[in-house]
Amino acid sequence: MRKIFNFESETRSYARRNTRSFGGNVVMGFFLAVLGYIFFFPVLFMYNNALKPLNEMFMFPPKVFVRNPTFNNFLDLFRVLANTLVPFGRYMFNSLFVIVIGSVGHIIIASLCAYPLAKYTFPGSKFISKLIVYSLMFNATVTTIPNFITISKLGLIDSYGAIIIPSFASTLGLYFMMNFMEGIPDSLLEAAKIDGASHLRIHFSIVLPLVKPAWVTAFILIFQSLWGSTGDSFIYKENLKSVAYMMSQIAGGSSVGVARAGVLAAASAIMFSIPAVIFLLMQTNVINTMATSGIKE
Amino acid sequence: MKKTKWQNLIHQIKKSYMFYLMMAPFLLFFVVFAVYPVLKAIFYSFTDYNILEKPNFIGLKNYAQLILHDAIFIKAIQNTFIIAVFVGPFGYILSFLVAWLINELPHWLGTIMTIVFYMPSMAGGAMLIFSLLFSNDSNGYINAYLLDWGLIDAPILWLTSAKTVLVLVIVISVWMSLGVGFLSFVAGIKNVQEDQYEAAAIDGIRNRWQELWFITLPNMKPQLLFGAVMSITGSFSVGAVADSLVGFPSPSYASHTIVNHLNDYGLIRLEMGRASAIAVILFFIMIVSNLLVQKLLRKVGT
């Protein structure tokens, strides 16, 4: 197996240590720390804001860090959530349903396509692989209009399908799985073949378990995009709307009232935390997948 | 001779029928939602389609209208290129630099820093933070600090002044630009074999910059290519940032991009012909700049 399947940082050799000056290390470390703070600051600010009592939120001069942290904003948020147009559980169900079907469907369909492309050459295989790399070079912004028309012609407006089905066609996840599968030794597949396993059988019982990091990454990508989806111009029925849509309604656009500022801060902290936690839990898989993400020449 | 070639091909196709079956479901969705839409957009761009009536062929009129008579579209092209020129290269180099520095850290600290830098790209909905930071009145944090320190004597209208809106969009887009490409760099640098560095150190590599140029970069070409694709595609499709920061349209179209223009015609005015022409122009801008940059990057270290 390639090195990617055994992934640990190693200690630097003696000879190589001479290429690092102490002063350089200090300057680089300082640079990274400052940059890290700048990048982390808005996130830090968001969590601090969510914990601020209202008087601290509108204090002058304002302070970034909270002094008397309180969970009142979250309690207020739950009070708002208890009085939504449709029970909050329904929004939650809609989001989860779309994410589960969208990601599981995508992983099964895309991995089935990735396996032959990664491990075999047959008429058309090179062309399709190339087409998939080309499709990474433009994104959904280009295809919005025709896809909107296709989805409405298929009668999918105001149904989960309008959100789920386009995510099946996402090529980034397929691309990661395809590249990762190339690292599987041919001998392993040959052996299974000799034992009489069909390609489908090999795919589900050998290939998929081996490329777990790749489909976990595909899952995270789909999760991030579907969790943030408000169903804009596809979903009009309130009882089919997502959590992201409901939370954006709390925000009420650009005119944020004083009374809602706390609720809003709590809502955005929660909306951000959920994909962040999922990424945190699965980040080793993502890094392992990314090791094979390169475009070959 | 020709006949046997064909027979051979047919034989191969028959032999691989299982592969075609396995790929069929994905390819169906891929064709319907990724290939067909591009062709359809090209077709619609030559018509006056508006969803309600049948499309009539009108030749290049949509393109002519956009380029000759639509001052806002020209503005959108300018803004898109300004944003892409800043966000693309800057975000790309920053991604690489950060990934490279992270690789020097102990494993656990490197993991934490990777997450810290990646987090903003997940924060699609966290624009609220920036509207608070850059709020126009003296309650906006940036204004309040600047007032407090005596650097300004009246609040700056960050979100309504045409001068500052575009800058804010660029800053936030850079903040969000350390995404999948960045992760690819982090993993790619980690995967360069240690013995290559060792050999290079013995062969007379003096410092980290030489090591970067002669060993790390040439070894990372596939990741560099992939990162470039992600970064170019992403920086040309900036549009949602301005929407959620200052609403649509932005003050005197200061941060109006091609994507905003596309959504305006496609999803609000439902002038699908015109919108498709915009989409086709955006499509070619993305593909051409991707292919150009790929060509450039392939020269790294050769």
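Residues numbered from 1 in each chain as written. Chains lettered and ligands numbered in written order. Predicted model: local features only at pLDDT ≥ 70, side-chain atom pairs only at ≥ 80, totals over all residues. Heavy atoms only, no water.

Another point: the overall build of chain B. Each helix and strand in chain B was counted, giving 15 helices and zero strands. Across its three principal axes, chain B shows a C-alpha extent of roughly 85 × 70 × 30 Å. Of the contacts formed within chain B by residues at least 6 apart in sequence, a portion of 66% connects residues at least 24 apart. As presented, chain B carries roughly 14,100 Å² of accessible surface, and 68% of it is formed by carbon and sulfur atoms. With 19 positive and 15 negative side-chain charges, chain B shows a separation of 20 Å between the mean positions of the two kinds. (Helix = DSSP H or I, 4+ residues; strand = E, 2+ residues; numbered from the N terminus. Contact = heavy atoms within 4.5 Å. Areas by Shrake-Rupley, 256 points an atom, 1.4 Å probe, with all protein chains shown as cover. Lys, Arg positive; Asp, Glu negative; His and termini not counted. Charge placed at Lys NZ, Arg CZ, Asp CG, Glu CD.)

Counting 194 residues, the largest nonpolar core has M181(A), F96(B), V98(B), F117(B) and F182(B) as the members making the most contacts within it. In terms of residues, this core owes the most to one element, helix α14 (residues 258-290) of chain A, which gives 15 residues. Two domains each provide a minimum of three residues to this core, namely domain 1 (22-70) and domain 2 (81-290) of chain A. Apart from residues no more than four positions distant in its own chain, F182(B) is found in contact with S95(B), V98(B), A99(B), I102(B), T114(B), F117(B) and Y118(B). (Core = buried A, V, L, I, M, F, W, Y, C linked by side-chain atoms within 4.5 Å. Buried < 20%, exposed > 50% of the residue type's maximum accessible area, 1.4 Å probe, protein only. Domains from an automatic or database assignment.)

Looking now at the environment of F86(B). Residue and element names in this part refer to chain B. Tracing the backbone shows F86 in helix α4 (residues 71-102). Sequence separation of F86 and V288 is 202 residues, and the distance between their C-alpha atoms is 18 Å. Discounting residues that sit within four places of it in the chain, F86 has contacts with G91 and I170.

The next point concerns the interface of chain B and chain A. With 105 residues of chain B at the interface, the matching set in chain A holds 105 residues. In total, about 9,200 Å² of surface goes out of reach between chain B and chain A, with carbon and sulfur atoms giving 76% of it. Sorting the residues of chain B by area buried against chain A places M22(B), F26(B) and F33(B) first, and these three jointly supply 9% of that buried surface. The interface formed by chain B and chain A contains zero salt bridges. The interface formed by chain B and chain A includes ten residue pairs in polar contact (both at pLDDT 80 or more). (Buried area = accessible area lost by both parts, 1.4 Å probe. Salt bridge = Lys/Arg side-chain N within 4 Å of Asp/Glu carboxyl O. Polar contact = N/O pair within 3.5 Å; in protein donor to acceptor, adjacent residues only side chain to side chain.)

Our focus in this paragraph is unusual backbone geometry. Of all residues except glycine, most have a negative phi; of all peptide bonds, most are trans. The backbone of D158(A) sits at a positive phi, close to 65°, despite the residue not being glycine. Of note, D158(A) is situated in the loop between α7 (140-153) and α8 (161-168).

What follows concerns the pattern of salt bridges. All names here are of chain B. Counted under the stated rule, the structure contains five salt bridges over all chains. A salt bridge links R208 to E104; the shortest N-O distance between them is 3.7 Å. Residue R208 is located in helix α11 (residues 208-219), and its partner E104 is located in the loop between α4 and α5 (107-122); the two are separated by 104 residues in the primary sequence. Using a relative accessible area of 5% as the deciding quantity, one classes R208 as buried. Overall, the relative accessible area of 24% leaves E104 in the partly exposed class.

Turning to the domain arrangement of chain A, a few remarks are in order. Much of the literature gives interface size as the accessible area that the parts lose upon coming together. All names here are of chain A. The domain boundaries assigned to chain A delineate domain 1 (22-70) and domain 2 (81-290). The contact between domain 1 and domain 2 buries some 650 Å² in all, and 82% of this surface belongs to carbon and sulfur atoms. On the surface where domain 1 and domain 2 come into contact, there are zero salt bridges. Run the count over domain 1 and domain 2 and you get one residue pair in polar contact (both at pLDDT 80 or more). Sorting the residues of the side of domain 1 that touches domain 2 by element identifies α2 (22-50) and α3 (54-57) as the ones contributing at least two each. In terms of residue count, α2 provides more of the side of domain 1 that touches domain 2 than any other element does, five residues in total. Looking at the side of domain 1 that touches domain 2 residue by residue, the class counts come to seven nonpolar, one polar and no charged. (Nonpolar A, V, L, I, M, F, W, Y, C, P; charged D, E, K, R; others polar.)

Residues and elements named next belong to chain B. Considering the arrangement of structural elements, one finds S95 in helix α4. Exposure remark for S95: the relative accessible area of 3% places this residue in the buried category. Residues in contact with S95, not counting those within four places in the same chain, are S177, L178, F182 and F185.

Another point: α2(A). Helix length check: α2(A) (29 residues) gives 41 Å between terminal C-alpha atoms against 42 Å at 1.5 Å per residue, within 8%. Along α2(A), the sharpest kink reaches roughly 45°, centred on F40(A) and followed within four residues by the proline P42(A). (Expected span 1.5 Å × (residues − 1). Bend = angle between axes of the 7 residues up to and from the residue.)

All names here are of chain B. The topology assignment puts G239 in the loop between α12 (221-236) and α13 (240-246). Sequence separation of G239 and A71 is 168 residues, and the distance between their C-alpha atoms is 18 Å. Setting aside its immediate chain neighbours within four residues, G239 contacts T257, V259 and N260.

In this section: a nonpolar patch on the surface. Residue and element names in this part refer to chain A. Residues F93, F97, V100, I101, V104, I108, L200 and F204 make up a contiguous nonpolar surface patch of about 650 Å² in total accessible area. Counting only elements with at least two residues in the nonpolar patch, the list comes to α5 (88-119) and α11 (199-210). Assignment of secondary structure puts I108 in helix α5. (Patch = residues over 30% accessible without salt bridge, like charges linked within 9 Å, V, L, I, M, F, W, Y side chains within 5 Å.)

This part takes up the packing of helix α10 (residues 194-202) of chain B against α11(B). Residue and element names in this part refer to chain B. Contact geometry for α10 and α11: axes closest at 11 Å, N-to-C directions at 155°. Between α10 and α11, the angle is such that the two are roughly antiparallel. In terms of crossing hand, the pair formed by α10 and α11 is right-handed. Residues Q196, Y197 and A200 of α10 form the contact with α11, whose participating residues are E211, I215, T216 and N219. Of the residues in the contact of α10 with α11, the class split is three nonpolar, three polar and one charged. (Axes fitted to C-alpha atoms, helices over the stretch in contact; angles between N-to-C directions. Parallel < 35°, antiparallel > 145°, perpendicular 65-115°, else oblique. Left-handed = near helix turned anticlockwise from the far one by under 90°.)

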